[in-house]
Amino acid sequence: MMIDIDIAQQLFPNPSTMIIQLLATGVLFYFVFRFLWEPARALMAKRSNFVHEKLSEAEEKLAEAKEKNKSAHEEVSKAVFRSQEIISKAEKEALASREEILEQAKKDATSKLEKARDEIAIERSQMRDEMVEEMVSVAMLAAEKLISEKVDSDSDQKTIEKFVKELNKQNESIS
């Protein structure tokens, strides 16, 4: 068995077939370039521009957010500082009020103590006056009794002592 194959024909293609295939490939490249390549490039450029715009917007918003964050931190630190000032001022006012209240309380206590001392002095004075009046009345009674029973100075002395003892007994029985 013998195979009749032309090796030269198998190694080299037919020139007409080759030309037709090259023309078909050229037409295919033309249509691909004309209808797919340019629209695809335009679509890719449009998409690239869109992505760049979004990235630019995102970067701007990020910068804006950082700026707002920075200003917010500054405001918070200012607020903390102001609150510390307010607390400090309130503490100072509270201490001043406390001192004022203590001072007023001391003045009131001193005033009440002074008033009590004045009342005690008045009562002592009244008691002295009453004692003087009582002593005068006792002396008058003793003098009356002496005059009515006048005998001699020894008996006067005994009468006065007897009279004072009777008065003491009366005062003790009253109290």
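Residues numbered from 1 in each chain as written. Predicted model: local features only at pLDDT ≥ 70, side-chain atom pairs only at ≥ 80, totals over all residues. Heavy atoms only, no water.

### Quick word on the overall build of the protein chain
Regarding its fold elements, the protein chain presents three helices and zero strands. For the protein chain, the N- to C-terminal ordering of α and β elements is α-α-α. Within the span of the protein chain, comprising 175 residues, buried residues form 3% of the whole. Accessible surface, the protein chain: about 16,700 Å² in total, of which carbon and sulfur atoms supply 61%. (Helix = DSSP H or I, 4+ residues; strand = E, 2+ residues; numbered from the N terminus. Buried < 20%, exposed > 50% of the residue type's maximum accessible area, 1.4 Å probe, protein only. Areas by Shrake-Rupley, 256 points an atom, 1.4 Å probe, with all protein chains shown as cover.)

### A closer look at a negative patch on the surface
A cluster of acidic residues, Asp 129, Glu 130, Glu 133 and Glu 134, forms a negative patch on the protein surface. Here Asp 129 shows up in helix 2 (residues 15-148). Its relative accessible area of 45% is what places Asp 129 among the partly exposed residues. (Patch = residues over 30% accessible without salt bridge, like charges linked within 9 Å, V, L, I, M, F, W, Y side chains within 5 Å. Salt bridge = Lys/Arg side-chain N within 4 Å of Asp/Glu carboxyl O. Lys, Arg positive; Asp, Glu negative; His and termini not counted. Charge placed at Lys NZ, Arg CZ, Asp CG, Glu CD.)

### Structural notes on the packing of aromatic side chains
The final tally for this structure, using the stated rule, is two aromatic pairs. Arranged with centres 5.5 Å apart and planes meeting at 70°, the rings of Tyr 30 and Phe 31 form a pair that is edge-to-face. Here Phe 31 and Phe 35 contribute two aromatic rings whose centre-to-centre distance is 5.9 Å and whose plane-to-plane angle is 10°, an arrangement assigned as stacked. Of this pair, Phe 31 and Phe 35 both sit in helix 2, four residues apart, which is roughly one turn of that helix. (Phe/Tyr/Trp six-rings, centres within 6.5 Å; stacked < 30°, edge-to-face > 60°.)

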